[in-house]
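Residue-level structural notes
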Amino acid sequence: MINRYELKARVYPSVITLLPIIIVGLYFSIDYQNIYSLIGGLGLTTILTFVLGQLGRDKGKKSEKRLWNEWGGAPSTQILRFSDKSLTKYLKKDIHTKMADSTGIGFENMKSLERKNPEKADNIYETWCHKLRSLTRDTAKYKLLFNENINYGFRRNLWALKVPAIIFITVGVLIILLSEYYSNIKMFNLTSGAIISLSLLGILLVFWIFIIKKSWIKTVAFAYAKRLVESYDTT
């Protein structure tokens, strides 16, 4: 049985990506009253959803490191740095003390280490975060953290599928326009079904271009990272 993370972070992005294919399938089904085409189209969509879900996850994970490099490091690592102001200095000092004690890794003066050897400091912070993730896998106990992780996975994987989605939309528009042209001879004599379908594809295109951006992922990435780091006192 599919779990909630798999459904929302991997399947949902794939379904949204495949909406242009579904819209085109509905256009032809309504236009020609051929219900078999719709059923067949949905069967194909199910297969494509699974395939795209896997591709989206893989591409999302590969793109993740590139995003982190652009942002200045992994969000959870950044939050643990003394140069970051997401947390108060008192809370950060407490986190550092307890994480160093629980992992046996860390130095008394991490602030000085950040200046002298930032790479080494980041490696220590990454180790702490890995420890936190392994201790917070209980989704019932850490429900808020789990929800933030789902939000991050959903947006990251959706962004990873942006190019295929725009290609599907473009091809869908061309298919509908060509169908209308050859069916009605006159290019601009569009049927109501075509107008509705093209309008929906236009809305999807705006969504992918203006909403699905790196900054859209960054917001939830840091929200998840902050929630993860703040769980240090409950593990």
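Placed above this text is the structure.
For the structure given in this document, a descriptive report is provided here. (Residues numbered from 1 in each chain as written. Predicted model: local features only at pLDDT ≥ 70, side-chain atom pairs only at ≥ 80, totals over all residues. Heavy atoms only, no water.)

1. Here's the deal with the overall build of the protein chain
Across its full length, the protein chain carries 11 helices and 0 strands. Overall, the protein chain shows an N-to-C arrangement of helices and strands of α-α-α-α-α-α-α-α-α-α-α. The buried share of the protein chain, reckoned over its 235 residues, is 39%. When the accessible area of the protein chain is evaluated, it comes to approximately 13,700 Å², of which 62% is carbon and sulfur surface. (Helix = DSSP H or I, 4+ residues; strand = E, 2+ residues; numbered from the N terminus. Buried < 20%, exposed > 50% of the residue type's maximum accessible area, 1.4 Å probe, protein only. Areas by Shrake-Rupley, 256 points an atom, 1.4 Å probe, with all protein chains shown as cover.)

2. Things to note about the packing of aromatic side chains
All told, the structure shown has 7 aromatic pairs when counted by the stated rule. Ring plane angle 50° and centroid distance 6.1 Å describe the contact between Trp 71 and Phe 222, whose orientation is recorded as tilted. Taken as a pair, Trp 71 in helix 3 (residues 35-71) and Phe 222 in helix 11 (residues 214-230) lie far apart in primary sequence, 151 residues in all. Each of the two residues, Trp 71 as well as Phe 222, counts as buried. (Phe/Tyr/Trp six-rings, centres within 6.5 Å; stacked < 30°, edge-to-face > 60°.)

3. Here we look at the nonpolar core
Core analysis: the biggest nonpolar cluster contains 44 residues, and Leu 80, Ile 95, Met 110, Trp 128, Ile 176 and Trp 208 have the highest contact counts within it. Broken down by element, this core gets its largest block of residues, 8 residues, from helix 11. What Trp 128 contacts, discounting residues up to four positions off in sequence, is Leu 80, His 96, Met 99, Ala 100, Thr 103, Ile 105, Gly 106 and Met 110. (Core = buried A, V, L, I, M, F, W, Y, C linked by side-chain atoms within 4.5 Å. Contact = heavy atoms within 4.5 Å.)

4. What about the side chain of Thr 77?
Relative to the assigned elements, Thr 77 resides in helix 4 (residues 75-80). A relative accessible area of 2% places Thr 77 in the buried class. Sequence-distant contacts of Thr 77, defined by excluding residues within four places in its chain, comprise Asp 122, Tyr 125, Glu 126 and Cys 129.

5. A short note on the environment of Gly 202
Secondary-structure assignment places Gly 202 in helix 10 (residues 192-210). Owing to a relative accessible area of 30%, Gly 202 belongs among the partly exposed residues under this scheme. Sequence spacing of Gly 202 and Thr 170 is 32 residues, and the spatial spacing of their C-alpha atoms is 9.5 Å.

6. Some words on a positive patch on the surface
A contiguous patch of positive charge on the surface is contributed by Lys 85, Lys 89, Lys 111, Arg 115 and Lys 116. For Lys 85, the location among the structural elements is in the loop between helix 4 and helix 5 (89-103). (Patch = residues over 30% accessible without salt bridge, like charges linked within 9 Å, V, L, I, M, F, W, Y side chains within 5 Å. Salt bridge = Lys/Arg side-chain N within 4 Å of Asp/Glu carboxyl O. Lys, Arg positive; Asp, Glu negative; His and termini not counted. Charge placed at Lys NZ, Arg CZ, Asp CG, Glu CD.)

Taken by themselves, the reported measurements are silent on function.
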